Amino acid sequence: MRQLVPLTITFCVGTLLIVSVFIPPLGDLERTFTLWFDIIAVFAFFLGGGNLLRVHINKLRRRKTDWGFSIVTLAGFSTMLAAGLFKIGNPGDIATAVDAPGSMFYTIFDSVVVPLGSTMYSLLAFFVASASYRAFRAKNREATLLLVAAFIILLGRTPFGLMLTEWVPDSFSLLQIPNLAIWIMNSPNLAGQRAIMIGIGLGVISMSLRLILGIERSYLGGDNA
Amino acid sequence: MSFHRGRTSSLASGLTARLAIFIIVIAFLVTPTSWSQADGPDPVLAGSDSALASLAPITSLVAEDNTYDNGNALRLIWVPSIDDRLIDSKIIGYRVYRLAGAGEPRAIAELPPGSNQYLDETVLRDSVYSYYISTLSERAEFPSNRTAAISPQREWINLDRGYLFLIALAIAGAVIYYVTVAKRGKKLFVRKIAGLEAIDDAVGRATEMGRPVLFIPGIHDMDDVQTLAALTILGRVSRTIADYESKIFMPVARSLVMTAGREVIKSSYQAAGRPDAYSDDMVNYITDEQFGYVAAVDGIMVREKPATVFLLGAFFAESLILAETGNSVGAIQIAGTARPAQLPFFIAACDFTLIGEELFAASAYLSGEPRQLGSLKGQDVGKVIAMVVMTVGVIALTFAEAWKIEFMQDILDRLSIIFSTN
């Protein structure tokens, strides 16, 4: 029974959504089901938020390693929750949006969360450098090919690339490094990406059919649930 | 006296006229919007500014039913004003007016210069509407003629998607056929997938080193098929972990994924005969915030130093940050996603990568169940169709372009119609 109900719901919703692609009067179903999903997800947030509180309160109570960070987490969680729930500092009345400019929620989000997020994102620059260094080491034939392609594209995106091959006559313009870089991106690279996309599309169809038909049920806890 | 009176009268009338002109001019300058918001097609225009009055309105305005919808949209098409130019244009945009039945006109949209169509999705089926569009300058608007009255119609079947239906039917039919064939006991060959073959070794390594396994199911919710695929692999991974008496930790970015993940791991531990070893603390919710989640997971990696990291699901900009941190702590990493833009990062930073469809094939591959393997075989029929179409398309395009063969151009046009379904 624990599996029968979700499997039945999956079958009905999946079938209806497929049919709605071809029957215009059912076209709004996708939006409706997405809305329902969002409502369910909001309720599930209580589980997530509760879990977060439980984990960090336990960590504090038992004085586990790095328990000090739990104080920061709990303080941040409570402050944002209070700012959002009570709309502290909101311009206008209670009906205004929780993230209206000027509100405490907006101010904390804009001046704390956004810069912290940007800081994490900026780490990507260093990780790209370290990952590229490893990927472009000419260990074998494929890696050498990758290195050469990457080198051409890097050069092609700089004025130096243009300077180097400006002398190549227009009849051989493909050999100019910027044009070569464009060709690599638009032909071999795009062909590879499209091949992957076709595979993904077919994989999604197959996986969806397995889910709709109830062949795949391990996401419900397998056959042991 | 009479002269004097007449002069006085003439002076008075002159003053009155000047005062009236003065008031009109002041009113004109102070309230420019009063005349720019004309609500009908009659040209209530700039008045004194003759240069503005010369702007041409749009022409050939037609309202038509938007095809294959639920009767909730009308499409307007027109030829922009001849004064609508890229350089030195006096036109600042267009304002669309709608009249419902015999009602008053109401402005429903403002469009930028250069616009030549608009889809009104705020109409009701079986109601009657007409439209006109005003060309806007800085200080005036110039209405077009009204369209004929029109009512949006509902269509029951989207014939534009007929080919899509046939293609979907062929692929779905093939999947179901091969599932049935596999159920009858026919052996199906599935090539080896290195990333999935390595799962047992990766978990074994974590057991030997006495370190945990970290499972990261992406940052999307349960409505993403990639997350579902990740959870199906989690079932197998957690079963192996339960067998090996190793430890698993799964930080998640969505509450529903936390609930589903706990359910999957719990079932695996039960199936392995070790329900007592299961704990809800194996799966923890961190935050929905993308980089907040990344910061927390990176911290866990650096502190706990997991021996094995699984990065399976929907990943975005965080993919490389997570994979490189895992790499820096010396973990063996198995990654997989259906986001082509993130695949190069995983390939560069991880030991094994499930590329696109391999992520979706994983559950079938790992379970070895004939019905699931049959679905993979059905998928191959789709690939054959794609290969045939691409080959025919390339040949047709080459011949049509190089030798101007009309027959090949016809094939190309037909393929374009079939595969450009909206």
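Residues numbered from 1 in each chain as written. Chains lettered and ligands numbered in written order. Predicted model: local features only at pLDDT ≥ 70, side-chain atom pairs only at ≥ 80, totals over all residues.

**Considering the overall build of chain A**
Then comes step 1: Counting secondary structure elements, chain A contains 7 helices and 0 strands.
Then comes step 2: In terms of overall dimensions, chain A is more spread out than a globule: its C-alpha atoms have a radius of gyration of 27 Å, far above the 17 Å expected for 225 residues.
Then comes step 3: Along the three orthogonal principal directions, the C-alpha set of chain A runs to about 70 × 50 × 45 Å.
Then comes step 4: Counting contacts in chain A only where the partners sit at least 6 residues apart, residues at least 24 apart contribute 32% of the total. (Helix = DSSP H or I, 4+ residues; strand = E, 2+ residues; numbered from the N terminus. Rg over C-alpha atoms; globule rule 2.2 N^0.38 Å. Contact = placed C-beta atoms within 7 Å.)

**Observations regarding the overall build of chain B**
Then comes step 1: Broken down by element type, chain B carries 14 helices and 13 strands.
Then comes step 2: Counting all 422 residues of chain B, 40% fall into the buried class.
Then comes step 3: Within chain B, contacts between residues separated by at least 24 positions form 67% of all contacts whose residues are at least 6 apart in sequence. (Buried ≥ 20, exposed ≤ 12 C-beta atoms within 10 Å, placed from the backbone.)

**Observations regarding the nonpolar core**
It is characteristic of soluble globular proteins that their nonpolar side chains tend to be buried jointly.
Residue and element names in this part refer to chain B.
Then comes step 1: Among the nonpolar cores identified, the biggest contains 94 residues, and Phe215, Ala229, Leu311, Ala323 and Ala362 are the most heavily contacted of them.
Then comes step 2: Top element by residues in this core is helix H7 (residues 225-244). It accounts for 10 residues.
Then comes step 3: Residues Val96, Leu99, Tyr131 and Leu136 belong to the second largest nonpolar core, which totals 19 residues. (Core = buried A, V, L, I, M, F, W, Y, C linked by C-beta atoms within 7 Å.)

**With respect to the domain arrangement of chain B**
Then comes step 1: Once the domains are mapped, chain B shows domain 1 (38-143) and domain 2 (199-350).
Then comes step 2: A separation of 55 Å is found between the C-alpha centroids of domain 1 of chain B and domain 2 of chain B. (Domains from an automatic or database assignment.)

**Description of the packing of helix H1 (residues 4-22) of chain A against helix H7 (residues 177-212) of chain A**
Packed helices, taken two at a time, are described by their axes: the angle between them and the distance between them.
All names here are of chain A.
Then comes step 1: Look at H1 against H7: their axes get within 8 Å of each other, and the N-to-C directions meet at 135°. By the criterion of interaxial angle, the relationship of H1 to H7 is oblique. Here H1 contributes Thr10, Phe11, Gly14 and Thr15 to the contact with H7, which in turn contributes Ser208, Leu211 and Ile212.
Then comes step 2: In terms of residue class, the contact of H1 with H7 is built from 3 nonpolar, 4 polar and no charged. (Axes fitted to C-alpha atoms, helices over the stretch in contact; angles between N-to-C directions. Parallel < 35°, antiparallel > 145°, perpendicular 65-115°, else oblique. Nonpolar A, V, L, I, M, F, W, Y, C, P; charged D, E, K, R; others polar.)

**Concerning the interface of chain A and chain B**
Then comes step 1: Listed by partner, the interface residues are 52 residues for chain A and 64 residues for chain B.
Then comes step 2: Secondary structure elements with two or more residues in the side of chain A that touches chain B: H1, helix H2 (29-61), helix H4 (104-135) and H7 of chain A.
Then comes step 3: The element that contributes the greatest number of residues to the side of chain A that touches chain B is H7(A), accounting for 16 residues.
Then comes step 4: Taken together, the residues of the side of chain A that touches chain B sort by class into 34 nonpolar, 14 polar and 4 charged.

**Examining the pairing of strand E6 (residues 129-136) of chain B**
Residues and elements named next belong to chain B.
Then comes step 1: Of all 8 residues in E6, 7 are buried; the element is thus mostly enclosed.
Then comes step 2: Of the strand pairs in this sheet, strand E3 (residues 93-100) and E6 are connected by 8 bridges, and their pairing is antiparallel. Within E6, the position partnered with alanine 100 by the bridge is tyrosine 129.
Then comes step 3: Taken together, the 3 bridges between E6 and strand E7 (residues 141-143) define a ladder with antiparallel strand orientation. Opposite serine 134, over in E7, you have proline 143 as the bridge partner. (Pairing = 2+ DSSP bridges.)

**Here we look at the sheet that holds strand E5 (residues 117-120) of chain B**
Residues and elements named next belong to chain B.
Then comes step 1: Ordered in space as E1-E2-E5, the 3 strands form an open sheet in which the pairing is antiparallel. Edge positions in the sheet fall to strand E1 (59-65) and E5, since each has one partner strand and no second. Strand-to-strand twist of the sheet, defined as the mean angle between neighbouring strand axes without regard to direction, takes the value 15°.
Then comes step 2: Summarising the sheet, E1 and strand E2 (residues 74-79) pair through 5 bridges and their orientation is antiparallel. Residue alanine 63 lies in a different strand from E2, and its bridge partner there is leucine 76.

**Some thoughts on the sheet that holds E7(B)**
Strand pairs in the sheet, formed through backbone hydrogen bonds, run parallel or antiparallel to each other.
Residues and elements named next belong to chain B.
Then comes step 1: Read from one edge to the other, the open sheet built from 4 strands follows the order E4-E3-E6-E7, with strand pairing classed as antiparallel. Looking at strand neighbours, the two that pair on one side only are strand E4 (105-111) and E7, the edges of this open sheet. Mean inter-strand twist for the sheet, computed between neighbouring axes without regard to direction, equals 30°.

**Digging into the confidence of the model for chain B**
Caution applies to low-pLDDT regions: their predicted coordinates should not be interpreted in detail.
Residues and elements named next belong to chain B.
Then comes step 1: Mean pLDDT over chain B: 87, with 87% of residues reaching 70 or higher.
Then comes step 2: Long-range and interchain partners of residues 1-13, a stretch whose pLDDT sits below 50, account for 0 contacts in this model, where long-range means more than four residues apart.
Then comes step 3: Overall, residues 23-40 carries pLDDT values under 50, and its contacts beyond four positions in sequence, including any with other chains, amount to 13 contacts.
Then comes step 4: Prediction confidence for the complex, expressed as pTM and ipTM, is 0.82 and 0.91 respectively. (pLDDT = per-residue confidence, 0-100.)

**A few points about the packing of helix H5 (residues 141-156) of chain A against H7(A)**
Residue and element names in this part refer to chain A.
Then comes step 1: At a minimum axis separation of 8 Å, H5 and H7 run at an interaxial angle of 125°. Classified by the angle their axes make, H5 and H7 are oblique. Viewed along their axes, H5 and H7 form a crossing whose handedness is left-handed. Of the residues in H7, those touching H5 at Ala149, Ile152, Ile153, Leu155 and Gly156 are Ile177, Pro178, Leu180, Ala181, Ile184 and Met185.
Then comes step 2: The class makeup of the residues in the contact of H5 with H7 is 10 nonpolar, 1 polar and no charged. (Left-handed = near helix turned anticlockwise from the far one by under 90°.)

**Looking at H7(B)**
Residues and elements named next belong to chain B.
Then comes step 1: Taking 1.5 Å as the rise per residue, H7 with 20 residues should run 28 Å; its terminal C-alpha atoms sit 29 Å apart, in good agreement.
Then comes step 2: For H7, the tally of buried residues reaches 18 of 20 residues, placing the bulk of the element in the interior.
Then comes step 3: Directly beyond the C-terminal end of H7, a positive phi value near 55° is found at glutamate 245. (Expected span 1.5 Å × (residues − 1).)

**Focus on the environment of Gly161(A)**
Residue and element names in this part refer to chain A.
Then comes step 1: With respect to the helices, strands and loops of the structure, glycine 161 is situated in helix H6 (residues 159-164).
Then comes step 2: Take glycine 161: there are 21 C-beta atoms within 10 Å of it, and that puts it in the buried class.
Then comes step 3: Sequence spacing of glycine 161 and glycine 76 is 85 residues, and the spatial spacing of their C-alpha atoms is 49 Å.
Then comes step 4: When neighbours within four sequence positions are excluded, glycine 161 is seen to be in contact with Leu155, Gly156, Ile177 and Pro178.

**Comments concerning unusual backbone geometry**
Then comes step 1: Positive phi values are uncommon outside glycine, yet Arg63(A) reaches one of about 50°.
Then comes step 2: Among the structural elements, Arg63(A) can be located in the loop between H2 and helix H3 (67-85).
Then comes step 3: The backbone phi angle of Ser60(B) is positive, close to 55°, even though this residue is not glycine.
Then comes step 4: If you trace the backbone, Ser60(B) turns up in strand E1.
Then comes step 5: Residue class for Ser60(B) comes out exposed when judged on the 11 C-beta atoms lying within 10 Å of it.

**Section: the pairing of E4(B)**
All names here are of chain B.
Then comes step 1: Bridging between E3 and E4 involves 6 bridges; their strand directions are antiparallel. Along E4, the bridge assignment pairs tyrosine 97 with alanine 107.
Then comes step 2: Counted along the chain from E3 to the antiparallel partner E4, the turn is 4 residues long, and its residue glycine 101 has a positive phi close to 60°.

**Concerning the environment of Ser103(A)**
Residues and elements named next belong to chain A.
Then comes step 1: For serine 103, the location among the structural elements is in the loop between H3 and H4.
Then comes step 2: Serine 103 sits in the buried class, given 21 other C-beta atoms within 10 Å.
Then comes step 3: In sequence terms serine 103 and alanine 83 are 20 residues apart; their C-alpha atoms lie 8.1 Å from each other.

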